[in-house]
Protein chains: 2
Amino acid sequence: MCSVLMPRAPLRRVAVTGGTHGNELSGVYLVRHWLQDPSELQRPSFSTTPVLANPAAAAACRRYVDCDLNRAFTCTLLLSRATPDDPYEVTRARELDQLLGPKASGSDQAFDFVLDLHNTTANMGTCLIVNGSHNIFAMHLSHHLKLQFPEVPCRVFLHQPLQSAAPESNTLDSVAKNGMTVELGPQPQGVLRADVFSRMRALVASALDFMELFNQGTAFPAFEMEVYRNLGSEDFPRTEDGDLAGIVHPQLQASVADYEPLQPGAPIFQKFSGEDVRYEGHATVYPIFINEAAYYEKHVAFLRTEKLVISVPPLPALPPPLRVSNPSGTTGPVFPSEQGS
Amino acid sequence: MCSVLMPRAPLRRVAVTGGTHGNELSGVYLVRHWLQDPSELQRPSFSTTPVLANPAAAAACRRYVDCDLNRAFTCTLLLSRATPDDPYEVTRARELDQLLGPKASGSDQAFDFVLDLHNTTANMGTCLIVNGSHNIFAMHLSHHLKLQFPEVPCRVFLHQPLQSAAPESNTLDSVAKNGMTVELGPQPQGVLRADVFSRMRALVASALDFMELFNQGTAFPAFEMEVYRNLGSEDFPRTEDGDLAGIVHPQLQASVADYEPLQPGAPIFQKFSGEDVRYEGHATVYPIFINEAAYYEKHVAFLRTEKLVISVPPLPALPPPLRVSNPSGTTGPVFPSEQGS
């Protein structure tokens, strides 16, 4: 795994995926634009492929048609025999696995990197989601993006909980050799905001610039970085029937609340009956994804995280023979038949 | 019409409807709460019925299942013969017409007032939507609400364009003798925000208080009020295929842009290609519903309005014999079988 996550060869093929959730419109419209005019994705040493990940959901402006695509990339689902009754997103996950993977092979066939573009209704600014701090390449990419956009808070979230047996990743970026998710908010589902759109466009450009620097033989020194690591989720208060019985507390919903410390005993929910619900944990946590629309059905009012400062080792320069001065593949979009929406 | 819109008899039956659009959650959860505990809706002189208007859409957390319920209350649709192929919302509109109307009868059978609760993704604060300034009762109710909540900007929008033959109203509140729509934002679809929820709850309480004052014989003097009157809508820039070609301009999207003057020549859209699109009208207008998620499919980026100051005549006290000192009907919710979601 280390050889993959700290690559010793140039990146040849990169995918930028949008519309994995069809109502997160920044990625949907950026990808649609790039499919018409891919010029801003082109870099000298590698090809970049824009992919509309869930065209049916994007056409309907819904998160998904049958089930959440970004939870469908497990080896079990990808390798199981296709049937006519499969949910649309399971079929689409297999198509994307064919296009960008395959995840299970461990071969050279998979794309080198997938950058997956998302929006959240939470007030999370720019959040870069990396599977874990062992992903040295993604950590350096995140550090580069933080330095490129000092005026906008840009946080790194490690989504794999710290445990001995980490669960298999089920997200789109897991089908390629490496990947990262970009999560920008706040933006309502079904809405395009110009500021969020421009920020995502600039982040993608800067990420591709970083990959070009790496391919050209740049070495990146060690650094220390603040990160937020997943500790689990907190559900809304519920009735006996499982319906919502309350709402995120105004103090937690306040405009700067994501990433801010939440102390034990602080109010986190307001019940419809008027009563406050307080945080019963024993330690300070840092909530994120506060009041994300898509997480109501997942019984997640917010994620609890811990804030850490981690030391990231250097990313050494590629050995000279491996550097790339000319593109090895075609630069431009691929238009497989299943991508139209 | 004047006798209806300036009532000369006490209000007996009032409905508060939420979830007409199933992903506008303040109304959905207020109505669900009131169906369990209607005590805060009770007033001495009239009954108030909470109604979940579109239970199937609310269960799916979508605006609608087949078509927009809040455009389905035309006499043509309500009176046409039911068929098994009717869209869900057309069937539901007929059920609501039976429950709260009927719209077409002009008889005493209809509810006296429907208050319909909505949310918008636009930054519109509190917006009270009245069909026109001839609706003296709704204008006095709006004035009362503005005075009750001086700390929150509260605007009145007259949605019927000024023209000789006004189109038939197709919204839910048109099935009753009188009605008004409350539109609160900004709130993403599928999200409950505590501040918006509390504001809507307080507005409903204050509206019911006004009706109680009227029933008890209070006279309301004439006043002048600022209102915004509908002049029509502006679509996004589009490609030849009808797809979006741009986005609301950051200047128009700015946090205080709804209700602010838009001058001819000011930028209103930013194309994906980078080019600005400027407003080509000849007069200053006041845009509202800027970047409402549900209006993308209606080809509406915002509504143009004109700002007027209008004089509203007094609302005289009911003659003493007509006043009500005891409730005439039962106070509490009605639970028709079709309301469960």
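Residues numbered from 1 in each chain as written. Chains lettered and ligands numbered in written order. Predicted model: local features only at pLDDT ≥ 70, side-chain atom pairs only at ≥ 80, totals over all residues. Heavy atoms only, no water.

1. Digging into the overall build of chain A
Cut-off, in case you're wondering: Secondary structure counts use DSSP, requiring at least four H or I residues in a row for a helix and at least two E residues in a row for a strand, with both numbered from the N terminus. Here the term buried applies to any residue with accessible area under 20% of the maximum for its type, exposed to any over 50%, and partly exposed to those in between, with areas from a 1.4 Å probe on protein chains only. In what follows, a contact means two residues having at least one pair of non-hydrogen atoms within 4.5 Å. Only the protein chains shown count as cover for residues, and all accessible areas are computed by the Shrake-Rupley method using a 1.4 Å probe.
Secondary structure summary: chain A contains eight helices and 11 strands in total. Within chain A, the proportion of its 341 residues that are buried is 55%. For chain A, long-range pairs separated by at least 24 residues make up 77% of all intrachain contacts whose partners lie at least 6 apart in sequence. Accessible surface, chain A as shown: approximately 13600 Å² in total, 53% of it carbon and sulfur.

2. As for the interface of chain A and chain B
Short version of the rule: Polar contacts, as counted here, are pairs of nitrogen or oxygen atoms within 3.5 Å of one another; within protein the pair requires one atom able to donate a hydrogen and one able to accept it, and residues that are adjacent in sequence qualify only if both atoms are side-chain atoms. Amino acids are sorted into nonpolar (Ala, Val, Leu, Ile, Met, Phe, Trp, Tyr, Cys and Pro), charged (Asp, Glu, Lys and Arg) and polar (every other residue, Gly among them).
With 26 residues of chain A in contact, the opposing surface of chain B contributes 26 residues. At the junction of chain A with chain B, the criterion picks out six residue pairs in polar contact (both at pLDDT 80 or more). If you list the elements that add at least two residues to the side of chain A that touches chain B, you get helix 2 (25–36), helix 7 (194–215), strand 8 (246–248) and helix 8 (250–253) of chain A. By residue number, the principal contributor to the side of chain A that touches chain B is helix 7 of chain A, which donates four residues. Residue composition of the side of chain A that touches chain B, by class: 14 nonpolar, nine polar and three charged.

3. Digging into the sheet that holds strand 5 (residues 154–158) of chain B
Residue and element names in this part refer to chain B. As a reminder, the rule being used: Between any two strands, pairing holds if DSSP finds at least two bridges. Between N-to-C directions, angles span 0 to 180 degrees; the directions come from axes that are lines fitted to C-alpha atoms, helices contributing only their stretch in contact.
Pairing in this open sheet of eight strands is mixed, and the strands run 2-1-3-6-4-5-7-11 from one edge to the other. Where the open sheet ends on each side, the last strands, each with one partner, are strand 2 (47–52) and strand 11 (302–312). On average, adjacent strands in this sheet sit at an angle of 25 degrees to one another, irrespective of strand direction. Sitting on the sheet, helix 7 (residues 194–215) is in contact with strand 1 (13–18), strand 2, strand 3 (113–119), strand 4 (126–130) and strand 6 (179–184), with an inclination near 165 degrees to strand 3.

4. Some words on the environment of Arg32 of chain B
Residue and element names in this part refer to chain B. With respect to the secondary-structure elements, Arg32 resides in helix 2 (residues 25–36). Arg32 gets classed as partly exposed once you look at its relative accessible area, which sits at 23%. Residues Arg32 and Ser133, spaced 101 residues apart in sequence, show a C-alpha to C-alpha distance of 32 Å.

5. Comments concerning the UniProt feature "active site" (unreviewed entry) in chain A
Residues and elements named next belong to chain A. Here is the rule we go by: UniProt positions are given in the numbering used here, feature names are shortened, and annotations may be inferred rather than shown by experiment.
Mapped onto this numbering, the UniProt entry gives "active site" (unreviewed entry) at Glu183. Within the secondary structure, Glu183 is located in strand 6 (residues 179–184). Residue classification places Glu183 among the buried positions, given a relative accessible area of 6%. Not counting residues up to four positions away in its chain, the partners in contact with Glu183 are Glu24, His118, Asn119, Thr120, Gly125, Thr126, Cys127, Ile129 and Phe289. Among the polar contacts made by the side chain of Glu183, one reaches the main-chain amide nitrogen of Thr120 at a distance of 3.5 Å.

6. What about the packing of aromatic side chains?
The description of an aromatic ring pair uses the distance of the two centres, along with the angle that the planes make with each other. Here is the rule we go by: Only Phe, Tyr and Trp rings take part, Trp by its six-membered ring, and two of them pair if their centres are within 6.5 Å. Stacked means planes under 30 degrees apart, edge-to-face means over 60, and tilted covers everything else. A ring is considered to have a charge above it if a Lys NZ or an Arg CZ atom is located within 6 Å of its centre and within 35 degrees of its normal.
As enumerated under the stated definition, the model contains 25 aromatic pairs over all chains in all. Consider the rings of Phe236 of chain B and Phe269 of chain B, whose centres lie 5.8 Å apart with planes at 45 degrees: the pair is tilted. Of the two residues, Phe236 of chain B is situated in the loop between strand 7 (223–234) and strand 8 (246–248) and Phe269 of chain B in strand 9 (residues 267–271); the sequence distance between them amounts to 33 residues. Judged on exposure class, the residue Phe236 of chain B and its partner Phe269 of chain B are both buried. Every member of this aromatic cluster is reached through a ring pair, and the members are Phe113, Phe137, Phe210, Phe214 and Phe220 of chain A. Over the face of the ring belonging to Tyr29 of chain A we find Arg32 of chain A, whose NZ or CZ atom lies 5.0 Å from the ring centre.

7. Details of the pairing of strand 5 (residues 154–158) of chain A
Residue and element names in this part refer to chain A. To keep things clear, this is the line we draw: Look down the strands so they point away from you; if going from the first strand over the helix to the second traces a clockwise path, that crossover is right-handed.
Of all five residues making up strand 5, four are buried, and the element is well covered by its neighbours. Here strand 4 (residues 126–130) pairs with strand 5 via five bridges, running parallel. Looking at the pairing, Thr126 lines up with Cys154 of strand 5. As a crossover connection, the stretch from strand 4 through helix 6 (residues 136–148) into strand 5 is right-handed. With two bridges connecting them, strand 5 and strand 7 (residues 223–234) associate as parallel partners.

8. A word on the side chain of His33 of chain B
Relative to the helices and strands, His33 of chain B resides in helix 2. Look past the residues within four positions of His33 of chain B in its chain and what remains in contact with it is Phe272 and Ser273 of chain A together with Glu40 and Arg201 of chain B.

9. As for the relation of the copies chain A and chain B
The test is simple: Least squares is used to superpose the copies, and the fit set is the C-alpha atoms of residues whose pLDDT is at least 70 in both copies.
Least-squares fitting of chain A to chain B yields an RMSD of 0.0 Å, with the transformation described by 0.0 Å of translation along the axis and a rotation of 180 degrees. Here the transformation between the copies is reduced to the relation of a two-fold axis. Relative to the rotation axis, the C-alpha of Pro188 of chain A is the closest in chain A, positioned 2.3 Å from it. Interface overlap between copies is the fraction of interface residues in one copy that are interface residues in the other; for chain A against chain B it reaches 100%, indicating a shared surface.

10. Focus: the packing of helix 6 (residues 136–148) of chain B against helix 7 of chain B
All names here are of chain B. What counts is decided by this rule: Roughly parallel refers to an angle under 35 degrees, roughly antiparallel to one over 145, roughly perpendicular to one between 65 and 115, and oblique to any angle outside these ranges. By convention, the crossing between two helices is left-handed when the near helix turns anticlockwise from the far helix through less than a right angle, and right-handed when the turn is clockwise.
Put simply, helix 6 and helix 7 touch, their axes get as near as 10 Å, and they point 125 degrees apart. Taken together, the axis directions place helix 6 and helix 7 in an arrangement best described as oblique. Considering how the two elements wind past one another, helix 6 and helix 7 form a crossing that is right-handed. Within the contact between the two elements, helix 6 uses Phe137, His140, Leu141, His144, Leu145 and Gln148 and helix 7 uses Leu203, Ser206, Ala207, Phe210, Met211, Leu213 and Phe214. A per-class count over the contact of helix 6 with helix 7 returns nine nonpolar, four polar and no charged.

11. Some remarks on the nonpolar core
Residue and element names in this part refer to chain B. Note the cut-off: Buried Ala, Val, Leu, Ile, Met, Phe, Trp, Tyr and Cys residues form a nonpolar core when they are joined through side-chain atoms within 4.5 Å.
If you look at the biggest cluster of nonpolar residues, it comprises 71 residues, and the most contacted ones within it are Phe113, Leu117, Met180, Leu192 and Met211. It is helix 7 that contributes the most residues to this core, 11 residues altogether. Here Met180 is in contact with Phe113, Val114, Leu115, Asp116, Leu128, Ile129, Val130, Ala138, Leu141, Ser142, Leu145 and Asp173, once residues within four sequence places are set aside.

12. Brief notes about the environment of Gly27 of chain A
Residue and element names in this part refer to chain A. Tracing the sequence through the fold places Gly27 in helix 2. Judged by relative accessible area, which is 0%, Gly27 ranks as buried. Each C-alpha atom of the pair Gly27 and Pro50 lies 10.0 Å from the other, and the pair is 23 residues apart in sequence. In this structure Gly27 touches Gly18, Gly19, Leu117, Asn119 and Met200, once residues within four positions along its chain are discounted.

13. Concerning the sheet that holds strand 8 of chain A
Residue and element names in this part refer to chain A. Across the sheet, which stays open at both edges, the three strands sit in the order 8-9-10 with antiparallel pairing between neighbours. Bordering the open sheet on either side are strand 8 and strand 10 (276–278), each of which pairs with just one other strand. Direction aside, neighbouring strands of the sheet carry axes that sit 30 degrees apart on average. Sheet topology note: the strand 8/strand 9 (residues 267–271) ladder contains three bridges and is antiparallel.

14. Overview of the UniProt feature "binding site: Zn(2+)" (unreviewed entry) in chain A
Residues and elements named next belong to chain A. What UniProt calls "binding site: Zn(2+)" (unreviewed entry) maps, in this numbering, to His21, Glu24 and His118. Taking the farthest pair of C-alpha atoms as the criterion, the annotated set spanning 98 residues converges on one region, since that pair is 7.4 Å apart. In this view, His21 contacts Val28, Arg62, Arg63, Asp68, Asn70 and His118; residues no more than four positions away in its chain are not counted. Here His118 lies in strand 3 (residues 113–119). Relative accessible area serves as the criterion here: at 2%, His118 is assigned to the buried category. Beyond its immediate chain neighbours, meaning those up to four positions away, His118 contacts Thr20, His21, Glu24, Asn70, Thr181, Val182, Glu183, Leu184 and Met200. Only 2.6 Å separates the side chain of His118 from the side chain of Asp116, close enough to count as a polar contact.

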